[in-house]
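Letter by letter, the chains look like this.
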Amino acid sequence: MFYDITVVQASKMLGNLKAMLEKAAEFAEAKKIEPEVLLTSRLAPDQFPLVRQVQMCCDTAKLGAARLAGKADSAPKHEDTETTLGELYTRIAAVQDYLATYSAADFADTASKEISLPWLDGKKMLGSTFAVSFVIPNLYFHVTTAYSILRHNGVDVGKLDYLGGIAFID
């Protein structure tokens, strides 16, 4: 289950985010505005701009999976220097490629694994708590905020762009 709710779902949401950014590029071209205007937009003065929201989505996905699978040292490093849509597409693809290296077997003992984050001053939590109370909500927070920034700026994105494809049964 942890593989599905972290790796599979995170990769899907990153794909949905890329598709929304592609709509933003089309919007910028149609309105004759520089895409960087959108990338530096934010909902509130004390909130990260769109470019940082995308970076945080990527970091949450890759580091969440890496920590849950006990492979934190294998996570790719990103310098957070992206300034264009193309660079963000590349980062999203790199994280999706990294997530594709995992299998369900990598998450066999996730629930009882102890997870510590550098900024928690030595505090630990169980892997199940980390996945459900931190990784998943954090990922959705940043995807939602990116979506909201785009929507606020007039980009034609809606709930189906956010949700992406859903696998229905026959």
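Owing to the predicted nature of the structure, the values given are computational and were not obtained by experimental measurement.

**Topic: the pattern of salt bridges**
Where charged atoms of side chains with opposite charge meet at close range, the side chains can pair.
And step 1. All chains considered together, the criterion is met by 10 salt bridges.
And step 2. For the salt bridge of lysine 71 with aspartate 106, the shortest nitrogen-to-oxygen distance reads 3.1 Å. Of this pair, lysine 71 sits in the loop between helix H3 (50-68) and helix H4 (85-99) while aspartate 106 is found in the loop between H4 and strand E1 (114-116), placing the two residues 35 residues apart along the sequence.
And step 3. Its salt-bridge partner being glutamate 114, residue lysine 124 comes within 3.5 Å of it at the nearest N-O pair. Here lysine 124 is found in strand E2 (residues 124-126), whereas its partner glutamate 114 is found in strand E1, with 10 residues between them in sequence. Across the pair, glutamate 114 and lysine 124 agree in class, each one exposed.

**Points about empty space enclosed by the protein**
And step 1. The full count for this structure, using the stated rule, is one cavity of 30 Å³ or more.
And step 2. Considering only enclosed or pocket space, the largest cavity measures out at about 50 Å³ in volume.
And step 3. Ile5, Thr6, Gln9, Ala10, Thr60, Ala61, Val135, Ile136, Leu139 and Tyr140 together form the lining of the largest cavity.
And step 4. Residue assignment for the lining of the largest cavity shows that the elements contributing at least two residues are helix H1 (2-31), H3 and helix H5 (127-152).

**Re the layout of surface pockets**
And step 1. Here the largest pocket defines a volume of roughly 160 Å³.
And step 2. In this structure, the largest pocket is lined by Met56, Asp59, Thr60, Leu63, Gly64, Arg67, Trp119, Phe130, Phe134, Val135 and Asn138.
And step 3. Of the residues forming the lining of the largest pocket, the biggest block, six residues, is contributed by H3.
And step 4. Tallied by class, the residues present in the lining of the largest pocket amount to six nonpolar, three polar and two charged.

**Structural notes on the packing of H1 against H4**
And step 1. At a minimum axis distance of 10 Å, the contact between H1 and H4 shows a crossing angle of 165°. In terms of orientation, H1 lies roughly antiparallel with respect to H4. Between H1 and H4 the crossing geometry is left-handed. For the pair formed by H1 and H4, the contact residues are Val7, Ala10, Ser11, Leu14, Gly15, Leu17, Lys18, Leu21, Glu22 and Ala25 on the first element and Leu85, Leu88, Tyr89, Ile92, Val95, Gln96 and Leu99 on the second.
And step 2. When its residues are assigned to classes, the contact of H1 with H4 shows 12 nonpolar, three polar and two charged.

Quick notes on the rules
Residues numbered from 1 in each chain as written. Predicted model: local features only at pLDDT ≥ 70, side-chain atom pairs only at ≥ 80, totals over all residues. Heavy atoms only, no water. Salt bridge = Lys/Arg side-chain N within 4 Å of Asp/Glu carboxyl O. Helix = DSSP H or I, 4+ residues; strand = E, 2+ residues; numbered from the N terminus. Buried < 20%, exposed > 50% of the residue type's maximum accessible area, 1.4 Å probe, protein only. 1 Å grid on protein atoms, 1.4 Å probe; cavity = no way out; pocket = protein on both sides within 12 Å on 5 of 7 lines; lining within 4 Å. Points joined across faces, edges and corners; volume = space filled by probe spheres on them. Nonpolar A, V, L, I, M, F, W, Y, C, P; charged D, E, K, R; others polar. Axes fitted to C-alpha atoms, helices over the stretch in contact; angles between N-to-C directions. Parallel < 35°, antiparallel > 145°, perpendicular 65-115°, else oblique. Left-handed = near helix turned anticlockwise from the far one by under 90°. Contact = heavy atoms within 4.5 Å.

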